[in-house]
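# What the coordinates show
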2 protein chains.
Amino acid sequence: MTNKACAAFVFVMIHSALSYEANLGYNYPETKFYKQQLDHLNPTVDDTFEQRYLISDQYWNKKSGPILFYAGNEGDITVFCNNTGFMWDIAPKFGALVVFAEHRYYGESNPYPDVKLLPENVAKFGQFTIEQALADFADLIVHLKSTIQGAEHSPVIAFGGSYGGMLAAWLRRKYPHIVLGALAASAPVRYFPDYVECSAYNQVVTKDFFDTEFGQQCTENIRQSWSSIEDVASKPDGLRKLTDAFHLCEPLKSADALENWLSEAWSSLAMVNYPYPTSFLNPLPRWPVKATCEKLAKPKLSQDHLFEMIREGAGVFYNYSGQAKCFDVGAYSPGLDASFWNFQTCTEMVMPFCSNPDTDMFKPSKFSYDEYVKNCQKQFGTTPRRDWAVLQFGGDDWSDESNIIFSNGELDPWQVGGIFKSSSPTILTLFIENAAHHLDLRHKNLLDPISVRAARIQEIEAMAMWIMEHNLQQKDHKA
Amino acid sequence: MTNKACAAFVFVMIHSALSYEANLGYNYPETKFYKQQLDHLNPTVDDTFEQRYLISDQYWNKKSGPILFYAGNEGDITVFCNNTGFMWDIAPKFGALVVFAEHRYYGESNPYPDVKLLPENVAKFGQFTIEQALADFADLIVHLKSTIQGAEHSPVIAFGGSYGGMLAAWLRRKYPHIVLGALAASAPVRYFPDYVECSAYNQVVTKDFFDTEFGQQCTENIRQSWSSIEDVASKPDGLRKLTDAFHLCEPLKSADALENWLSEAWSSLAMVNYPYPTSFLNPLPRWPVKATCEKLAKPKLSQDHLFEMIREGAGVFYNYSGQAKCFDVGAYSPGLDASFWNFQTCTEMVMPFCSNPDTDMFKPSKFSYDEYVKNCQKQFGTTPRRDWAVLQFGGDDWSDESNIIFSNGELDPWQVGGIFKSSSPTILTLFIENAAHHLDLRHKNLLDPISVRAARIQEIEAMAMWIMEHNLQQKDHKA
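Residues numbered from 1 in each chain as written. Chains lettered and ligands numbered in written order. Predicted model: local features only at pLDDT ≥ 70, side-chain atom pairs only at ≥ 80, totals over all residues. Heavy atoms only, no water.

### A closer look at the confidence of the model for chain A
All names here are of chain A. How we decide: Summary of the metric used: pLDDT quantifies the predictor's per-residue confidence within the range 0 to 100. Residue contacts are counted whenever heavy atoms from the two residues lie within 4.5 Å of one another.
Per-residue pLDDT for chain A has a mean of 92; in total, 92% of the residues score no lower than 70. Of the regions scoring below 50 in pLDDT, residues 1-10 engages in 32 contacts with residues more than four places distant in sequence or in other chains. In the model, residues 12-23 has pLDDT below 50 throughout and makes 39 contacts with residues more than four positions away in sequence or in other chains. Overall fold confidence for the complex sits at a pTM of 0.92, while the interface term, ipTM, reaches 0.90.

Next comes the structure, spelled out in structure tokens:
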């Protein structure tokens, strides 16, 4: 598994996980389905599929309330619904109708739930694109506005985090007549070739680790671990030794597998480095990067000692509950959704990753576009379109757009693909200190840093302004 | 042929015709081809086709000149090149690179030139959509900017008339990061169900006729002709009598055929009602509606006299040169491109037409969406998407857009689908008195009314402003 795939995987998994807050304080929304064209963009295809969405009018003021619309990303929509507390926190304030729409091909919105995503079936995935997903959202919004009494003139604000944030911003870009504005949280809308340095992501991860109390020693240990692992693996009986040292459930098949499994832990920890406990596959402590580095705080006494520290560190991510008796290095292997996300990076969204020993603690690796293409062809039978996402969605050029908030967290490695300035007066860019991946989208929490509190206030004010101006225009229009 | 088809037909034919100006004063541009993805929007389709474009750097100032880019519409791109003199007139002023890009499936840019557009082949036309055409233009522009020395930072202004104008506006809407602004001349971007009254088009045609010197009598005669024709046709030997009265080459098969052929003439005349002679299939006089009404200026002395006047009036459109010895009522039948245009109205762009005896001079007809759908299914095997164009391209809502000029001519029946106001400060709407279908896009002419001269000045000033602001931003960006 390459770094690319690792990161892509985390991109998915973070969402399927952060469901710690138990008392949400709202009634769970109603689950509904909407019949969508399978292919909005090919008029000779008449098939349809059912798109799932969740909807709640608990807080809705039918006379003037807006629609807060979450543009679902790569996974089950209920997970995003449970992990985007910010929308629920502000819904009463805005008197808003709340909608979470699932992305086609994920969750229960898969037109072909029984078809495996393999090269021989790839024709069935021709409609698995960003453009189709955006058209689904636009179509669903128009449907809701035309069928729900009181919603006809309601302004719509799109929300999303990570890939969902990209979708929210792109929805505003492509359908400004349908979506009034967008909050694109931690949206790496320019994480594409020529727009990011491929090692930038790992550099942020490394900085997150380095900046903790024992960071220098911790990153030094991680940095050393790669050669130690390679060293052992290359010797007779080496893989068995590693299997034992890392408490693996199954005999290790290659050093790569172990290394990727570890890289995955470090990358993921940086993304979910939240100030309070959250729950991934297993629960995580508050500030999990700090907790991890505490396990890696000492100079190594021996190779065994180094492996022990690394194992304990990775254990913060893979076994914080302490329930696992052994580790499965295949546990991060792409599950359904992760493989589906990889398909998207093998078609429309080419995302380059690499590691540079001068700037990060990861095992050195280069980004080879040829390799990337070969992997895609092998895995899915698709040839990625290297520059398509930028051509279609504008990369870092948002100068002519309006009513979008791009928020990014200082601790979040994905921020390297974010937007930090725009010449447009109604594009708000927020850099949130001490915040990991779209922390601002989560429920407010007593342990939130002041930075994310301030960011949320700015976000609310911007949205209120958009709505106010929209309502004034409506009024002028009527007058 | 219904009125809908009539109008659609003219929509095409007007472009294949207006090539009167002999001395263009510029070197004919170079013809080139660009390899496009057949399907930009389905990553599992890898086929390509060659898109034709015409390019001229005769006037180009490589240091700061913009790119003037014509978004080709439903026909051979050379015709648009020859009939968009305005771009050639202003190219020296702007030091511009001039490009005319052909629309996929038209002219020489048809991926399947040997495949007939019939229900059994419809799968081959799944990529014949607006979205694909816009992606072609965006892709071609990026290609030109990245391969032509000096063009990398050139601002791009899109031009188009009629459907081309719709494409120009939509290109700016969907690809603002690629196209700085657009001149959408006579672009009926809201000529869709619920947005126009289906008889509005014919009402403008009728007004054009009525407002001429002998207009009252002329429209009265046309109005009477329908019942007279029906009357004769319903009698024994009636079709033969009509064949003789109208000097038809072939025996008439139905009153409908004759009536549609006549309706076609009146509608077309209104569109091409230019102040100087132009050349359609046959040449036309200046102010051809006036010339037509001169033939229809008298009260009818008898049915034969009425038919004679009608025949002479239609002759202005079908036989101004006087060379035809007889008329072919099938001569307006959809040629290749017209049938292709009809496909577009049977997939993404549903355009409702009807006639109302209270407000127009045409044979009364209702718009039935069910009929419309049935005709599409029969002709192409497609079911149109009634509300798609508005959902996807915004209908009349341009409040959040910028840098677009919507110009419409008072005499042009298509103006009823145009944009006449916008709350956006950089959307310029121009209503050009005494002007027919995108007169402003044609070469300047001594006989141009003052209104179109004034409109062109405003268009030039708006474009100069966009470019100036773009260059200032670029400068700020560098500083």
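Next comes the rest of the description.
### Notes on the sheet that holds strand E5 (residues 156-161) of chain B
All names here are of chain B. Counted only if it meets this: DSSP calls a pair of strands paired once it identifies at least 2 bridges connecting them. Strands are runs of DSSP state E lasting at least 2 residues, helices are runs of H or I lasting at least 4, and numbering of each runs from the N terminus. Helix axes use the C-alpha atoms of the stretch in contact, all axes being lines fitted to C-alpha atoms, and the angles between their N-to-C directions lie in the range 0 to 180 degrees.
Here we have eight strands laid out as an open sheet, ordered E1-E2-E4-E3-E5-E6-E9-E10, and mixed in their pairing. The strands lining the two open edges of the sheet, one partner per strand, are strand E1 (30-37) and strand E10 (427-432). Going across the sheet, the axis of each strand differs from the next one's by a mean of 20°, ignoring polarity. As paired strands, strand E6 (residues 181-185) and strand E9 (residues 404-409) are joined by four bridges and run parallel to one another. When the bridges of E9 are listed, Ala-182 appears paired with Ile-404. Strands in contact with helix H3 (residues 85-94) are strand E2 (48-56), strand E3 (67-71), strand E4 (97-101), E5 and E6; relative to E4, the strand with the most contacts, it is inclined by about 160°.

### Looking at the relation of the copies chain A and chain B
Put simply, the rule is: Residues reaching a pLDDT of at least 70 in both copies supply the C-alpha atoms on which the copies are superposed by least squares.
Least-squares fitting of chain A to chain B yields an RMSD of 0.1 Å, with the transformation described by 0.0 Å of translation along the axis and a rotation of 180°. Such a turn and shift between the copies fits a two-fold axis. Measuring from the rotation axis to each C-alpha of chain A, the shortest distance belongs to A:Lys174, at 2.8 Å. Looking at the interface residues of chain A, 98% of them are also at the interface in chain B, so both copies use one shared face.

### Here we look at the packing of aromatic side chains
The condition that has to hold: Pairing of aromatic rings covers Phe, Tyr and Trp, the last counted by its six-membered ring, and requires centre-to-centre distances within 6.5 Å; plane angles under 30 degrees mean stacked, over 60 mean edge-to-face, and any other angle means tilted. Exposure categories follow from relative accessible area, calculated using a 1.4 Å probe and restricted to protein chains: below 20% of the type maximum is buried, above 50% is exposed, and the middle band is partly exposed.
Summed over all chains, the structure comprises 60 aromatic pairs over all chains. Seen from their ring centres, A:Tyr105 and A:Phe128 are 4.6 Å apart, and the 20° between their planes marks the pair as stacked. Taken as a pair, A:Tyr105 in the loop between strand E4 (97-101) and helix H4 (130-147) and A:Phe128 in the loop between E4 and H4 lie far apart in primary sequence, 23 residues in all. According to the relative accessible area criterion, A:Tyr105 is buried, its value standing at 1%. A relative accessible area of 0% means that A:Phe128 is categorised as buried. Measuring from centroid to centroid gives 5.2 Å for B:Phe128 and B:Phe343, while their planes differ by 5°, and the two rings are stacked. Separated by 215 residues along the polypeptide, B:Phe128 in the loop between E4 and helix H4 (130-147) and B:Phe343 in helix H12 (residues 336-345) bring together distant segments of the chain.

### A look at the nonpolar core
The condition is simple: Here, nonpolar core refers to any group of buried Ala, Val, Leu, Ile, Met, Phe, Trp, Tyr and Cys residues whose side-chain atoms link them within 4.5 Å.
By size, the foremost hydrophobic cluster in this structure holds 303 residues, and its most contacted members are A:Phe159, A:Trp170, A:Trp266, B:Phe159, B:Trp170 and B:Trp266. Residues within four places of A:Phe159 in sequence aside, it is in contact with A:Leu68, A:Phe69, A:Tyr70, A:Ala71, A:Phe86, A:Met87, A:Ile90, A:Gly164, A:Ala168, A:Leu183, A:Leu441 and A:Met463.

### Focus on the pairing of E3(B)
Residue and element names in this part refer to chain B. Burial within E3 is extensive, with five of its five residues counted as buried. What you see with E3 is no split at all: Ile-67, Phe-69 and Ala-71 on one side and Leu-68 and Tyr-70 on the other are buried throughout. Where E3 lies against E4, five bridges are found, and the strand directions are parallel. If you follow Phe-69 over to E4, its bridge partner there is Val-99.

### Remarks on the sheet that holds strand E6 (residues 181-185) of chain A
All names here are of chain A. Taken together, eight strands build an open sheet; the order of strands is E1-E2-E4-E3-E5-E6-E9-E10 and the sheet is mixed. With one partner strand each, in any of the chains shown, strand E1 (30-37) and strand E10 (427-432) form the two edges of the open sheet. Strand after strand, the sheet turns through a mean of 20° between neighbouring axes, direction not considered. Pairing analysis gives four bridges linking strand E3 (residues 67-71) to strand E5 (residues 156-161), with the strands arranged parallel. The residue bridging Phe-69 from the neighbouring strand is Ala-158, located in E5. Packing against the sheet, helix H5 (residues 163-174) makes contact with E3, E5, E6 and strand E9 (404-409), and its axis sits at approximately 150° to E5.

### Description of the packing of H4(A) against H5(A)
Residue and element names in this part refer to chain A. The following threshold applies: An angle below 35 degrees is treated as roughly parallel, one above 145 as roughly antiparallel, one from 65 to 115 as roughly perpendicular, and anything else as oblique. With the far helix as reference, a near helix turned anticlockwise by less than a right angle produces a left-handed crossing, and one turned clockwise produces a right-handed crossing.
Put simply, H4 and H5 touch, their axes get as near as 10 Å, and they point 65° apart. If you check the angle between H4 and H5, you find them roughly perpendicular. You can see that H4 and H5 cross each other, and the crossing is right-handed. Residue-level inspection shows Ile-130, Leu-134, Phe-137, Ala-138 and Ile-141 of H4 in contact with H5, the latter providing Tyr-163, Leu-167, Trp-170, Leu-171 and Lys-174.

### Looking at the packing of helix H9 (residues 255-271) of chain A against helix H10 (residues 288-295) of chain A
Pairs of packed helices are described in terms of their axes, by the angle between the two and the distance that separates them. Residue and element names in this part refer to chain A. Basically, it comes down to this: Classification used: nonpolar for Ala, Val, Leu, Ile, Met, Phe, Trp, Tyr, Cys and Pro, charged for Asp, Glu, Lys and Arg, polar for all others including Gly.
At a minimum axis distance of 8 Å, the contact between H9 and H10 shows a crossing angle of 140°. The pairing of H9 with H10 is recorded here as oblique in orientation. On the side of H9, the interface is formed by Trp-266, Leu-269 and Ala-270, while H10 contributes Pro-288, Val-289 and Thr-292. The class makeup of the residues in the contact of H9 with H10 is five nonpolar, one polar and no charged.

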